[in-house]
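# Close look at the chain arrangement
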Amino acid sequence: MSGFRPSSSGWGGLRPAAFGADPSGVRLERIRRSPNFADGVFVNPEGTRVRPSGGVASAMAKGYFNKEERRRRAPTGPVPVHSGTLADLAGPPASRLRLTWMGHSSVLAEIDGHRVLFDPVWGERCSPFAFAGPRRLHPVPASLAALGPVDVVVISHDHYDHLDLPTIKALAGTDTLFAVPLGVGAHLEHWGVSEARIRELDWSESTRIGGLTLTATPARHFCGRGLRNTQHTLWASWVVAGDEHRIYHSGDTGYFTGFQDIGAEHGPFDATMIQIGAYSEFWPDIHMTPEEGMRAHLDLQGGRPHGVLLPIHWGTFNLAMHAWAEPGEWTRDAAEEAGQPAAFPRPGAPFEPAGTLPTDPWWRAVSAPIDHPWRRPEEPRVAPETTGDLDRDGYT
């Protein structure tokens, strides 16, 4: 992530290459014409709550630097990454739909004869700097080059844990196409991806790549990579539809009622990849809790259990103050309660939604105990008295 370029922002006359580039020219004019752009910024489909500023910073710092809390936010040993990823991917999926979670929000989807790579992050840190920022908690299951040809890379938004400079640099030398939200193409071009390989979409716009239709759909989040956040790049969730299958990737988002509209227009889905990690009471409307993630999946499926839920955006980076394995553990509970099939693969372990799902809670072997605050401890049962006189209702 090294390298600087001249900047007109006044930040010492230099700007780290990882900051990317601001939209300009025709791209900026298109942004300004977007129905989702108002008063100089992209806006969310529903407003976002912001906690009162008084005491928030100190409360966050207290939790972040607490020694015991910091231990809870990391695995207690090496994360058991699947070792046979490349061998498992050697042949095509029998059902024509296979998903491989590579960690965090990175997923390789093999769908109806095409290969789609969502939010690939192969870098060591999700940061503009190689020496600072959240570092991986487990290695990538397989090298990017070893994955072989990818038809399209889909980016949900331009935050560092979803749009990674080293990864894009590696992909810039291939023939793959990129489907990105409006404005994000400026970063890609700055890093060496030709304009002809970029499909840049506003919400509700679609592009056809081979036999797939990719549609950018709304999300409730925000954007920005540099010191000043101009809100000139859009964030999106994505629908990918093939001849036989439909899948959905949420990107980063808070819960909002728009999931119902997305499901009504594009669903139901064979599989959804839903963000369920890095949530906090300090930012309640830009990331979902496991319970909200389950609700979003059901909304996308017309209000009933259907397809398979793959939880994403957890396990790889420490980005919030909840326990490391809490998102996986709590999503498992939410799926059981809803009667919704969910997959919990180890990073790098492919699975087919139409086949046997990986459900083993692998994280428990390297996790501190996880709280389940909604579970009441069972009270000791007392055997009823049977020797006393019965009252008129038949009880002693």
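The model shown is predicted, which means the values in this text are computed figures rather than measured ones. (Residues numbered from 1 in each chain as written. Predicted model: local features only at pLDDT ≥ 70, side-chain atom pairs only at ≥ 80, totals over all residues. Heavy atoms only, no water.)

### What to know about the overall build of the protein chain
Within the protein chain one finds nine helices and 16 strands. In the protein chain, once contacts between residues fewer than 6 apart in sequence are set aside, the share between residues at least 24 apart is 68%. Just so you have it, the protein chain exposes about 18000 Å², and 53% of that area is on carbon and sulfur atoms. (Helix = DSSP H or I, 4+ residues; strand = E, 2+ residues; numbered from the N terminus. Contact = heavy atoms within 4.5 Å. Areas by Shrake-Rupley, 256 points an atom, 1.4 Å probe, with all protein chains shown as cover.)

### Observations concerning the side chain of Arg220
Mapped onto the elements of the fold, Arg220 is located in the loop between strand 12 (212-217) and strand 13 (237-241). Arg220 gets classed as buried once you look at its relative accessible area, which sits at 8%. A distance of 3.5 Å separates a polar side-chain atom of Arg220 from the backbone oxygen of Glu46. (Buried < 20%, exposed > 50% of the residue type's maximum accessible area, 1.4 Å probe, protein only. Polar contact = N/O pair within 3.5 Å; in protein donor to acceptor, adjacent residues only side chain to side chain.)

### A few points about the packing of aromatic side chains
Counted under the stated rule, the structure contains 13 aromatic pairs. Ring centres of Trp203 and Trp235 lie 6.4 Å apart, and the angle between their planes is 75°; on these two criteria the pair is classed as edge-to-face. Separated by 32 residues along the polypeptide, Trp203 in the loop between strand 10 (198-201) and strand 11 (206-209) and Trp235 in the loop between strand 12 and strand 13 bring together distant segments of the chain. The two residues Trp203 and Trp235 agree in class, both being buried. (Phe/Tyr/Trp six-rings, centres within 6.5 Å; stacked < 30°, edge-to-face > 60°.)

### Comments concerning the environment of Val366
Here Val366 shows up in the segment after helix 9 (326-338). By relative accessible area, which is 9% here, Val366 ends up buried. Sequence-wise, Val366 and Gly77 are 289 residues apart; in three dimensions their C-alpha atoms are separated by 5.2 Å. Ignoring sequence-local partners within four residues, the contact set of Val366 consists of Pro75, Thr76, Gly77, Pro78, Pro80 and Trp324.

### Remarks on the sheet that holds strand 15 (residues 271-275)
Strand pairs in the sheet, formed through backbone hydrogen bonds, run parallel or antiparallel to each other. Pairing is mixed in the open sheet, where six strands are placed in the order 11-12-13-14-15-16. Because the sheet does not close on itself, it has two edges, and the strands there are strand 11 and strand 16 (308-312). Direction aside, the axes of adjacent strands within the sheet are offset by 15° on average. Across the sheet, helix 8 (residues 290-300) lies against strand 14 (246-249), strand 15 and strand 16, angled at about 150° from strand 15, the strand it touches most. (Pairing = 2+ DSSP bridges. Axes fitted to C-alpha atoms, helices over the stretch in contact; angles between N-to-C directions.)

### Re the nonpolar core
Among the nonpolar cores identified, the biggest contains 68 residues, and Val116, Phe118, Leu214, Trp238 and Ile247 are the most heavily contacted of them. Counting residues in hydrophobic clusters, the runner-up holds 30 residues, among them Leu171, Val180, Trp191 and Val193. (Core = buried A, V, L, I, M, F, W, Y, C linked by side-chain atoms within 4.5 Å.)

### Points about the sheet that holds strand 10
In space, the six strands of this open sheet follow the order 5-6-7-8-9-10, with mixed pairing throughout. The sheet is open, and its two borders are formed by strand 5 (97-103) and strand 10, each paired with just one other strand. The sheet shows a mean angle of 20° between the axes of neighbouring strands, taken without regard to direction. Bridge analysis of strand 9 (residues 177-181) against strand 10 gives four bridges, and the strand direction is parallel.

### Considering the pairing of strand 6 (residues 106-111)
Of all six residues in strand 6, six are buried; the element is thus mostly enclosed. Judged by which residues are buried, strand 6 turns out to be covered on both faces: Ser106, Leu108 and Glu110 on one side and Val107, Ala109 and Ile111 on the other are all buried. Judged from the six bridges that link them, strand 5 and strand 6 form a sheet pairing that is antiparallel. Looking at the pairing, Leu97 lines up with Ile111 of strand 6. Between strand 5 and strand 6, which pair antiparallel one after the other, the connecting turn spans two residues, and His104 there sits at a positive phi close to 55°. In the sheet, strand 6 pairs with strand 7 (residues 114-118) via five bridges, with the strands oriented antiparallel. Counterpart to Leu108 in the pairing with strand 7 is Leu117. Counting the residues between successive antiparallel strands, the hairpin from strand 6 to strand 7 contains two residues, one of them, Asp112, with a positive phi of roughly 50°.

### Thoughts on the pattern of salt bridges
Pairs can form between side chains of opposite charge whenever their charged atoms are close. Taken as a whole and assessed by the stated rule, the structure comprises 11 salt bridges. The partner of Asp112 in a salt bridge is Arg96, with the nearest N and O atoms 3.8 Å apart. Here Asp112 is found in the loop between strand 6 and strand 7, whereas its partner Arg96 is found in the loop between helix 4 (85-88) and strand 5, with 16 residues between them in sequence. Residue classification places Asp112 among the buried residues on the basis of a relative accessible area of 4%. For Arg98, the salt bridge is made with Glu110, and the minimal N-O distance between the two is 2.7 Å. Of this pair, Arg98 sits in strand 5 while Glu110 sits in strand 6, and the two are 12 residues apart along the sequence. (Salt bridge = Lys/Arg side-chain N within 4 Å of Asp/Glu carboxyl O.)

### Digging into the packing of helix 7 (residues 258-266) against helix 8
At a closest axis distance of 7 Å, the pairing of helix 7 and helix 8 adopts a crossing angle of 35°. When helix 7 is examined against helix 8, the residues Phe259, Gln260, Ile262 and Gly263 are found in contact with a partner set consisting of Ala296, Asp299 and Leu300.

### A few points about the confidence of the model for the protein chain
When pLDDT drops low, the exact placement of atoms in the prediction is not to be read closely. Residues at a pLDDT of 70 or more form 85% of the protein chain, whose mean pLDDT is 88. The low-confidence segment residues 1-13, where pLDDT is below 50, has 31 contacts with residues more than four positions distant or belonging to other chains. Per-residue pLDDT stays below 50 along residues 379-396; that stretch engages in six contacts with residues further than four places along the chain or on separate chains. (pLDDT = per-residue confidence, 0-100.)

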